[in-house]
Amino acid sequence: TEIKTIAVLKGDYIGPEIMAAGLAVLAAVTKNTTFQYRLVALPFGGDGIDQAGDPLPAATLAQAQASDAILLSAIGGPKWDQAPKRPEQGLLALRAALGLYANIRPTRISDALVARSPLKPELARQTDFVIVRELTSGAYFGEPRVLAETYAIDTMAYQVSEISRIMHKGFRLAQRRRQHVTIVDKSNVLATSKLWRRVAREVAQDYPAVTVDYTYVDAMAMGIIARPATFDVIITPNLFGDILSDEAAQITGSIGQIPSMSIGESGPALYEPIHGSAPDIAGQGIANPMSMIHTVAMMLSESFGEKQLAQRVTAAVAQAIAAQVVTPDMGGQATTEAVTQYIVAAVTQPAAEGVR
Ligand code: NAD
Ligand code: IPM
Ligand code: MN
């Protein structure tokens with residue numbers, strides 16, 4: 001069998017802590033299976049600035065491009081906030097260079113998580129939606145972009161082609177789920193949003209079995225709290241998706257467990273937790289590794305078709321949650337290491353542990 005190459009961007013602050021956890025679970029779950037891989041560690045983000053003078057060194061981009069999948073933990077933090085090129089710029093450049101225009105961010109409140117949600121159980125129960133965030137255009141990339149002494153400019157721009165392709169991604173995903181799409185925009189004010197909604201209506205014609213709702217982003221921010229279980233696939237522009245996905249994460253109890261996948265038309269996908277480098281808790285050994293472990297599961301499933309291995313990983317995480325082996329962000333006392341060891345043991349001996 002072919003050996004897969006996985007680019008590993010270990011990241012900053014809690015990045016290396018949770019990456020180590022994710023890789024330990026990857027090694028454990030693939031042991032004695034036919035899935036074979038090789039890891040290629042590449043400097044990136046703050047680590048890229050420190051090691052190679054750039055948040056996205058040319059060699060990192062080239063090797064990431066040549067890999068079968070890219071695993072990233074999280075980058076950035078106060079150490080580089082005043083750098084001429086911040087780590088975050090490297091992340092945006094990587095997404096753009098690889099054409100990763102679709103960012104998939106799931107929110108699922110499993111039965112084990114209902115009690116940990118800040119929402120009332122009757123609201124939280126059966127929440128299972130996916131945010132499809134446009135990732136390589138909109139306010140993050142529009143020109144001109146100016147930061148002068150007395151004024152600043154960001155530009156929010158969208159091409160029909162950019163809207164159309166993210167819509168198709170979202171609608172096709174809905175076809176494999178509960179056939180419902182929510183289009184998020186601010187079309188009562190923004191020109192880009194008027195275009196967003198027009199293109200959404202056109203693309204929707206191609207998917208007659210999918211029901212569509214159109215929602216303004218402010219009402220959507222409310223809807224995620226008020227009626228999370230009613231959403232299936234949510235398609236949103238870049239900036240709104242960034243904001244709504246952190247909000248959505250919190251209704252599961254902690255952002256520290258949510259993975260994401262960024263995909264383009266071709267080439268390797270990028271897998272990363274949705275949260276940042278959590279400088280406030282770095283070095284304490286208490287970062288929640290579940291986001292990175294879920295990210296590894298997503299990679300196994302989506303880039304490598306290893307659905308059973310992915311399922312074993314997600315079942316093992318659920319088992320840790322049910323056993324209360326969770327970090328402080330989820331209300332527990334376990335360390336990163338303890339959670340990781342529990343999950344490693346569970347994926348290694350799923351039967352003996354009695355999954356779920
Ligand atoms: P953050 O997501 O790093 O942290 C927000 C809060 O969530 C903090 O209280 C943090 O402790 C907590 N948290 C996040 N992940 C956690 C985990 N795995 N376990 C336990 N708690 C966790 O957001 P921030 O503080 O606004 O940003 C910190 C840095 O990360 C910034 O430089 C930002 O630009 C960067 N960032 C990077 C990414 C990325 O690499 N994809 C994403 C978001 C933010
Ligand atoms: C995310 C992050 C990034 C974004 C930053 C670090 C550039 O917040 O992945 O959600 O805004 O896209
Ligand atoms: Mn974000």
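Everything numeric here is computed off the predicted structure, so don't read it as measured data. (Residues numbered from 1 in each chain as written. Chains lettered and ligands numbered in written order. Predicted model: local features only at pLDDT ≥ 70, side-chain atom pairs only at ≥ 80, totals over all residues.)

Caption draft 1: Highlighting the overall build of the chain. Secondary structure summary: the chain contains 14 helices and twelve strands in total. For the chain, the spread of C-alpha atoms along the principal axes amounts to about 55 × 50 × 45 Å. Classification of the 356 residues of the chain by burial places 48% in the buried group. Expressed as a percentage of contacts within the chain between residues at least 6 apart in sequence, the contacts between residues at least 24 apart total 76%. (Helix = DSSP H or I, 4+ residues; strand = E, 2+ residues; numbered from the N terminus. Buried ≥ 20, exposed ≤ 12 C-beta atoms within 10 Å, placed from the backbone. Contact = placed C-beta atoms within 7 Å.)

Caption draft 2: The nonpolar core, seen in detail. One finds Val25, Leu71, Ile293 and Val313 to be the most contacted residues of the largest nonpolar core, which totals 98 residues. Considering each element in turn, this core owes the most residues, ten residues, to helix α1 (residues 14-30). Counting contributing residues per domain, this core is built from domain 1 (1-100 + 264-356) and domain 2 (102-255), each supplying no fewer than three. The residues touching Val313, leaving out its near neighbours within four places in the chain, are Val25, Val29, Ile293, Val296, Ala297 and Val347. (Core = buried A, V, L, I, M, F, W, Y, C linked by C-beta atoms within 7 Å. Domains from an automatic or database assignment.)

Caption draft 3: View of the pairing of strand β6 (residues 142-147). Burial runs low along β6: only zero of the six residues are buried. Note: β6 against strand β7 (residues 152-155), three bridges, orientation antiparallel. Of the residues in β7, the one forming a bridge with Leu147 is Ala152. Following β6, the chain reverses through four residues before pairing antiparallel with β7. (Pairing = 2+ DSSP bridges.)

Caption draft 4: Local environment of helix α10 (residues 238-250). If you check α10, its first and last C-alpha atoms are 19 Å apart, about what 13 residues at 1.5 Å a residue would give, namely 18 Å. At its buried positions, α10 is contacted by β4 (102-108), β5 (128-134), β8 (180-185), α9 (217-226) and β10 (233-236). (Expected span 1.5 Å × (residues − 1).)

Caption draft 5: Structural detail: the site of ligand 2. As a structural note, the neighbourhood of ligand 2 is formed by Gly76, Glu88, Leu91, Leu92, Asp242 and Ile274. If one sorts the elements of the shell around ligand 2 by residue count, helix α4 (residues 87-97) sits on top with three residues. For the shell around ligand 2, the per-class residue count stands at three nonpolar, one polar and two charged. (Near = placed C-beta within 6 Å. Nonpolar A, V, L, I, M, F, W, Y, C, P; charged D, E, K, R; others polar.)

Caption draft 6: Layout of the site of ligand 1. Every one of the 23 residues lining ligand 1 counts as a neighbour, but Gly76, Gly256, His275, Gly276 and Asn288 are closest to it. Among the secondary structure elements, those contributing two or more residues to the shell around ligand 1 are α1 and α4. Of the residues that constitute the shell around ligand 1, the class distribution is ten nonpolar, nine polar and four charged.

Caption draft 7: Fine view of the pairing of strand β1 (residues 4-9). With five bridges connecting them, β1 and strand β2 (residues 37-41) associate as parallel partners. Paired with Thr5 across the strands is Arg38, a residue of β2. For the segment spanning β1, α1 and β2, crossover handedness is right-handed. Sheet analysis places β1 next to strand β3 (residues 69-72), joined by four bridges and oriented parallel. By the bridge assignment for β3, Ile6 is matched with Ala69. (Right-handed = clockwise from strand over helix to strand, strands pointing away.)

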